[in-house]
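Listed below, chain by chain, are the residues.
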Amino acid sequence: MDSPLTVFLTAITVSGPTFCWVLAGIFARRIGWLSESMVNAVSRFGFNWALPFLLFSSAAQLDLRDSGSIIILLAGTLATVVTVILSWGYASWRGFARASLGIFVQGAYRSNLAIVGVALCSAAFGESGLLLAALPIAVLTMLYNLLAVWILNATLGDHQSLTRLALGMIRNPLIIGIALGMLVATLRLPLPAPAVTLAGGISSFFLPLALMCIGGAMKLAQLRSGAALTWEATGWRLCAGPALAVTFGLLLGLRGEALGVLFMLLASPTAAASFVMVVAAGGSGSLAANIIVLTTLFSAVTVTAGFFLLSLAGLL
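Summarised in this report is the structure supplied together with it. (Residues numbered from 1 in each chain as written. Predicted model: local features only at pLDDT ≥ 70, side-chain atom pairs only at ≥ 80, totals over all residues. Heavy atoms only, no water.)

## A short note on the overall build of the protein
Item 1. Scanning the protein from terminus to terminus reveals 13 helices and zero strands.
Item 2. Seen in sequence order, the protein has helices and strands lined up from the N terminus as α-α-α-α-α-α-α-α-α-α-α-α-α.
Item 3. Taken over C-alpha atoms, the radius of gyration comes to 19 Å for the protein, in line with the 20 Å a tight globule of 316 residues would show.
Item 4. If you line up the protein on its principal axes, its C-alpha atoms span 50 × 50 × 45 Å.
Item 5. Going through the 316 residues of the protein one by one, you find that 53% of them count as buried.
Item 6. Expressed as a percentage of contacts within the protein between residues at least 6 apart in sequence, the contacts between residues at least 24 apart total 87%.
Item 7. Counting only carbon and sulfur atoms, one obtains 70% of the accessible surface of the protein, whose full area is about 13,800 Å².
Item 8. Of the charged side chains in the protein, 14 are positive and 8 negative, and the gap between their average positions amounts to 12 Å. (Helix = DSSP H or I, 4+ residues; strand = E, 2+ residues; numbered from the N terminus. Rg over C-alpha atoms; globule rule 2.2 N^0.38 Å. Buried < 20%, exposed > 50% of the residue type's maximum accessible area, 1.4 Å probe, protein only. Contact = heavy atoms within 4.5 Å. Areas by Shrake-Rupley, 256 points an atom, 1.4 Å probe, with all protein chains shown as cover. Lys, Arg positive; Asp, Glu negative; His and termini not counted. Charge placed at Lys NZ, Arg CZ, Asp CG, Glu CD.)

## Considerations on the packing of helix 4 (residues 98–109) against helix 10 (residues 228–251)
Item 1. Their axes nearest at 7 Å, the elements helix 4 and helix 10 cross at an angle of 30°. Considering how the two elements wind past one another, helix 4 and helix 10 form a crossing that is right-handed. Along its contact with helix 4, which presents Ser100, Phe104, Gly107, Ala108 and Tyr109, the element helix 10 presents Leu229, Glu232, Ala233, Trp236 and Arg237.
Item 2. Each residue belonging to the contact of helix 4 with helix 10 can be placed in one class, and the counts come to six nonpolar, two polar and two charged. (Axes fitted to C-alpha atoms, helices over the stretch in contact; angles between N-to-C directions. Left-handed = near helix turned anticlockwise from the far one by under 90°. Nonpolar A, V, L, I, M, F, W, Y, C, P; charged D, E, K, R; others polar.)

## Brief notes about the side chain of Ser299
Item 1. If you trace the backbone, Ser299 turns up in helix 13 (residues 285–312).
Item 2. If we skip the residues at most four places from it in the chain, Ser299 touches Phe19, Leu238, Ala267, Pro269 and Thr304.

## Things to note about the pattern of salt bridges
Item 1. In this structure the tally under the stated criterion is two salt bridges.
Item 2. As a salt-bridge pair, Glu232 and Arg94 come within 2.7 Å of each other at their nearest N and O atoms. With a gap of 138 residues between them, Glu232 in helix 10 and Arg94 in helix 3 (residues 68–94) connect regions that are remote in the sequence.
Item 3. Looking at Glu232, the relative accessible area reads 16%, which means it is buried. (Salt bridge = Lys/Arg side-chain N within 4 Å of Asp/Glu carboxyl O.)

## Some points on helix 6 (residues 127–156)
Item 1. Here helix 6 contains 30 residues, and its C-alpha end-to-end distance of 41 Å stays within 8% of the 44 Å for a straight helix at 1.5 Å per residue.
Item 2. Maximum bend of helix 6: about 35°, positioned at Ala133, with proline Pro136 one to four residues after it. (Expected span 1.5 Å × (residues − 1). Bend = angle between axes of the 7 residues up to and from the residue.)

## Looking at the packing of aromatic side chains
Item 1. In this structure the tally under the stated criterion is nine aromatic pairs.
Item 2. Ring centres of Tyr90 and Trp93 lie 5.8 Å apart, and the angle between their planes is 45°; this geometry places the pair in the tilted category. Of this pair, Tyr90 and Trp93 both sit in helix 3, three residues apart, which is roughly one turn of the helix.
Item 3. We classify Tyr90 as partly exposed; its relative accessible area is 24%. (Phe/Tyr/Trp six-rings, centres within 6.5 Å; stacked < 30°, edge-to-face > 60°.)

## Re unusual backbone geometry
Item 1. A positive phi is found at Arg188, a non-glycine position, where the angle reads about 55°.
Item 2. Position of Arg188 among the secondary structure elements: in the loop between helix 8 (173–186) and helix 9 (193–217).
Item 3. A relative accessible area of 62% means that Arg188 is categorised as exposed.

## Observations concerning the side chain of Ser58
Item 1. Tracing the sequence through the fold places Ser58 in helix 2 (residues 36–60).
Item 2. Ignoring sequence-local partners within four residues, the contact set of Ser58 consists of Glu127, Leu130, Leu131 and Ala134.

## Some points on the environment of Pro136
Item 1. Looking at where Pro136 falls in the secondary structure, it is placed in helix 6.
Item 2. The class of Pro136 is buried, set by a relative accessible area of 0%.
Item 3. Along the backbone, Pro136 and Gly32 are 104 residues apart, and their C-alpha atoms lie at a distance of 37 Å.
Item 4. Not counting chain neighbours up to four residues away, the residues in contact with Pro136 comprise Ser69, Ile72, Leu73, Thr141 and Leu265.

## What to know about the environment of Gly32
Item 1. If you trace the backbone, Gly32 turns up in the loop between helix 1 (4–30) and helix 2.
Item 2. Overall, the relative accessible area of 56% leaves Gly32 in the exposed class.

Right under this line is the structure:
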């Protein structure tokens, strides 16, 4: 068995590059190398084209006879639902205002699967990690949106129709990419070599740029208005959510790479989409933004620590 120091250095090697790109984005934005228009353009390109193609390539190479992705999905779903229930109960017990309760709960459960989660899985396990992550990302993305609409409807009174929600999910480029990839995998069609090469290029070169744009989009000054609620939501997102995911994963028999992928996906910071949905529902955008910024900053510590502890316990 490797020494604790060796295991810790391995954990740093896995998580360090991912979060260093985010910090590089913060620095580049502050010195003017990364403009808001550039951040927006790269983010749109990533969401509409680059990330959907990367997830399509991963899904197309899935072996649907392998139950690993399904068990990861099951554990992730259970962890998400339980996090929603427990965080709602906690927020009610703490006496948070109704208008803040839904923002707190969404910040607690909604992980940044498609960018940070993908980058972490790729850094830790390479192509095989992306293969295992594709199906859970697709289904959990849909679940996240369904839960967000229900939670914000209940707490902010934004009565978005289920038809509008369904159309939004059908048009989601990430879901389209994974669905097409699953179709290719089901038909057992070979993925052309240029497509595999392009996907590898996106993973190696575009993901770091996307991570820099996350850093470039962060507004650290907003943290000055942060309250206890922001810190508590951060604790739920970065500690409680991943702990529940790992617990369900272990109970369902996950070990090794599959457990690592589950942890990386559910230990990622709060997704930027939570801010968009809160603003659309008429809620406090600054509160939602604070949760995103704080979870992104501290996830570098919690992801490294979690990966270290799981490796030290011999579970990865």
